[in-house]
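An overview of the molecular structure
The chain contents come next:
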Protein chains: 2
Amino acid sequence: MHSEQIALDHGSGGEASAELVEKVFVPLLDNPYLRELDDSAVVSLNGGRVAMTTDSYVVDPIFFPGGNIGSLAVHGTVNDLCMQGAQPLYLTLGLILEEGLPFQDLRKVMKGVAQACKESGIKVVAGDTKVVSKGHADKIFINTAGIGLIPDTINVSARNARPGDVVMINGSIADHGIAILTRREGLQFQSSLRSDSAPLNRLVAAILDVCPEVHVLRDPTRGGVATALNEIASRSDVAVQLYEEKIPISAPVRSACEILGLDPLYVANEGKCLAILPREQAEEVLKAMKRHPYGAAAAVIGEVLERPQGKVLLKTQVGGTRILSTLTGAQLPRIC
Amino acid sequence: MHSEQIALDHGSGGEASAELVEKVFVPLLDNPYLRELDDSAVVSLNGGRVAMTTDSYVVDPIFFPGGNIGSLAVHGTVNDLCMQGAQPLYLTLGLILEEGLPFQDLRKVMKGVAQACKESGIKVVAGDTKVVSKGHADKIFINTAGIGLIPDTINVSARNARPGDVVMINGSIADHGIAILTRREGLQFQSSLRSDSAPLNRLVAAILDVCPEVHVLRDPTRGGVATALNEIASRSDVAVQLYEEKIPISAPVRSACEILGLDPLYVANEGKCLAILPREQAEEVLKAMKRHPYGAAAAVIGEVLERPQGKVLLKTQVGGTRILSTLTGAQLPRIC
């Protein structure tokens, strides 16, 4: 580590986060499951493959257009499970509450949890609540951990991208990060900005139904599309080329990014799924995605190339090509 | 709820915690798994029974005699799994770090995690790190969630205590809570005070090996022995009678409790297991416990009676009987 203290960057999902994992966590806790570093671990249990994952949520503000910290905490873990091809089944819920949190806020958050569970079909089976004195936490932090079953026919992994594959996404990018940021900063310039937070398990099931041979699924949360694709390019030893003009982005998000000086390719999404699969299946998968409410704006946004290995390239609208690196620095802290 | 805000009591593991669970969480998230309210949920997966549990750790201080927040977070979840009769297998680790936490503290905590995993045999398979700005959390909070397999022959539950059973414990009570409290308050009067934090899965395996028909296993953490036994008495519709003079307690802990005005029966333990089982098996189980390093001071401390249902009675050393109710109020905040 270069620094001697934890900085906001270490929670960004970008380079500093990866350094922390690689230099501190993996060496101390080393085991074959952890080393995969996918969205979920895959463990064997009773002869089947089980996906297992966790995320803590510290989003600020806890209520935002399109959701709250409770619904987000369920969606995030449901999505991490289904990005491994798993059917989400059971969830645990760990709450850390700041003394003085109004009960009505807790109820509102828990209604978000309940609604997200209902929509996705996952069940909260165990929970825990801790309270810390005022000023020692910020309102509410939530941890969710989940497990799900991976059908025998499915084998998705960040290692599986192959040259010739296409890269698809189920809709517009950067909606979550921009909605949080503008709400947090009290920016009123776009009232239509809304998080895309959503459970993607039924969309993923629809994709896998028409194309069980999908190579990679990944939800581009912290670090955005660019960081997620860098991880995939690096693990699969391939290059990913994106076409800027094909990437769905709403006009309000685009202008908010311009005003704020943010690159939407690095902004968090919470209801988006990157799918990498053989080109010959692209059309049918696109149709399946578009039939689903969370895939109405789905698009093919790029392709997998052999070289330069480990790199993500962006073909810009004016015809140039630039390299998209992994996120460095905490572009947006406490976005999830 | 009587109050309109979250108070420290709501995280005590006592009456206010139970009220929060019963009035807010269960109605909103209701499902048969959650309703059991045991240390772990028991779900079925691939035709087997899987225990699943979570706990967040906010202990202050993060380093204490006998452990740190990292080892505690692993022990706590391992113990919740094995109290359901499960063999702990896989763990997730969610960290919330305060900006500015020294790296060497994080490393020390993670070494605690690693050592506890090694001793118990559980594996961290997935993790997540969030960082919040200085003053929005207190150094480090850890969530662990774990899963384990329950052998077909085992059926332990807080509902299974039967009149005629004996109540056993594997050693002295109140060590953890008193070690934390004296360290936190800078009380130096007893240098020998040390947390009992330990992984109990091998001890529990030894118990189940000689007595697979154990009725109840429970680790008396927040709320202590009295609160844990109240839950069992209430769920099993029985009474529990304890014999004060049989309850192991170290001399330093006893005098610390006297000085601090605390009842050791309500102070948290992190390496203790209550076992309730048929009287005719007691001797053999006691022998098995005593052979294990974490059971050297094991004792039969009470028995299960038919009436008064739902109550815990204490036969005092002077020959009287008093009722031990559930913990009310947060006797010791941030003890785990």
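Residues numbered from 1 in each chain as written. Chains lettered and ligands numbered in written order. Predicted model: local features only at pLDDT ≥ 70, side-chain atom pairs only at ≥ 80, totals over all residues. Heavy atoms only, no water.

Residues and elements named next belong to chain B. The strand order across the open sheet built from seven strands is E9-E11-E8-E12-E10-E13-E14, with neighbouring strands paired in mixed fashion. The open sheet has two edge strands, strand E9 (216-218) and strand E14 (321-324), and neither has a second partner. Taking each pair of neighbouring strands and ignoring which way they run, the sheet shows an average axis angle of 25°. Where strand E10 (residues 239-243) meets strand E13 (residues 312-315), four bridges bridge the pair, whose relative direction is parallel. Each bridged residue has a counterpart across the sheet, and for Leu242 the counterpart in E13 is Leu314. Sheet strands touched by helix H9 (residues 282-291): strand E8 (165-169), strand E11 (274-278) and strand E12 (299-305). Its angle to E8, the strand with the most contacts, is close to 10°. (Pairing = 2+ DSSP bridges. Helix = DSSP H or I, 4+ residues; strand = E, 2+ residues; numbered from the N terminus. Axes fitted to C-alpha atoms, helices over the stretch in contact; angles between N-to-C directions. Contact = heavy atoms within 4.5 Å.)

Residues and elements named next belong to chain B. Taken as a whole and assessed by the stated rule, the structure comprises 22 salt bridges over all chains. One salt bridge connects Asp263 with Arg322, and the closest N-O pair in it is separated by 3.5 Å. On the criterion of sequence distance, the pair formed by Asp263 in the loop between helix H8 (251-260) and E11 and Arg322 in strand E14 is long-range, its members being 59 residues apart. For Arg322, a relative accessible area of 37% translates into the label partly exposed. (Salt bridge = Lys/Arg side-chain N within 4 Å of Asp/Glu carboxyl O. Buried < 20%, exposed > 50% of the residue type's maximum accessible area, 1.4 Å probe, protein only.)

Time to look at the relation of the copies chain B and chain A. With an axial shift of 0.0 Å and an RMSD of 0.0 Å, the rotation relating chain B to chain A amounts to 180°. The operation mapping one copy onto its partner corresponds to a two-fold rotation axis. Measuring from the rotation axis to each C-alpha of chain B, the shortest distance belongs to Ala137 of chain B, at 2.1 Å. When the interface residues of chain B are mapped onto chain A, 100% of them again lie at the interface, so the same face is used by both copies. (Least-squares fit on C-alpha atoms with pLDDT ≥ 70 in both.)

Tallying the contact residues gives 78 residues for chain B and 78 residues for chain A. Summed over both partners, the interface of chain B with chain A buries about 6700 Å², with 71% contributed by carbon and sulfur atoms. Among the residues of chain B in contact with chain A, Ile6, Met52 and Phe103 of chain B are the three that bury the most area, contributing 11% of the side total. Between the two partners, chain B and chain A, sit four salt bridges. For Asp128 of chain A, the salt bridge is made with Arg222 of chain B, and the minimal N-O distance between the two is 2.8 Å. Connecting chain B to chain A are 26 residue pairs in polar contact (both at pLDDT 80 or more). If you list the elements that add at least two residues to the side of chain B that touches chain A, you get helix H1 (15-29), helix H2 (32-35), strand E1 (41-45), strand E2 (48-57), strand E5 (87-98), helix H4 (103-120), strand E6 (123-132) and strand E7 (140-150) of chain B. Split by residue class, the side of chain B that touches chain A holds 42 nonpolar, 22 polar and 14 charged. (Buried area = accessible area lost by both parts, 1.4 Å probe. Polar contact = N/O pair within 3.5 Å; in protein donor to acceptor, adjacent residues only side chain to side chain. Nonpolar A, V, L, I, M, F, W, Y, C, P; charged D, E, K, R; others polar.)

Residue and element names in this part refer to chain A. Structurally, chain A comprises domain 1 (31-150) and domain 2 (166-323). The straight-line distance from the C-alpha centre of domain 1 to that of domain 2 is 23 Å. Each side of the interface is counted separately: domain 1 has 26 residues, and domain 2 has 24 residues. The three residues of domain 1 that bury the most area against domain 2 are Pro65, Met83 and Glu119, which together make up 28% of that side's buried surface. Seen at the junction of domain 1 and domain 2, the total is zero salt bridges. For the interface between domain 1 and domain 2, the tally reads 11 residue pairs in polar contact (both at pLDDT 80 or more). For the side of domain 1 that touches domain 2, the secondary-structure elements that each account for two or more residues are strand E3 (63-64), helix H3 (69-82) and helix H4 (103-120). Looking at which element gives the most residues to the side of domain 1 that touches domain 2, the answer is H3, with seven residues. Partitioned by chemical class, the residues of the side of domain 1 that touches domain 2 number 11 nonpolar, seven polar and eight charged. (Domains from an automatic or database assignment.)

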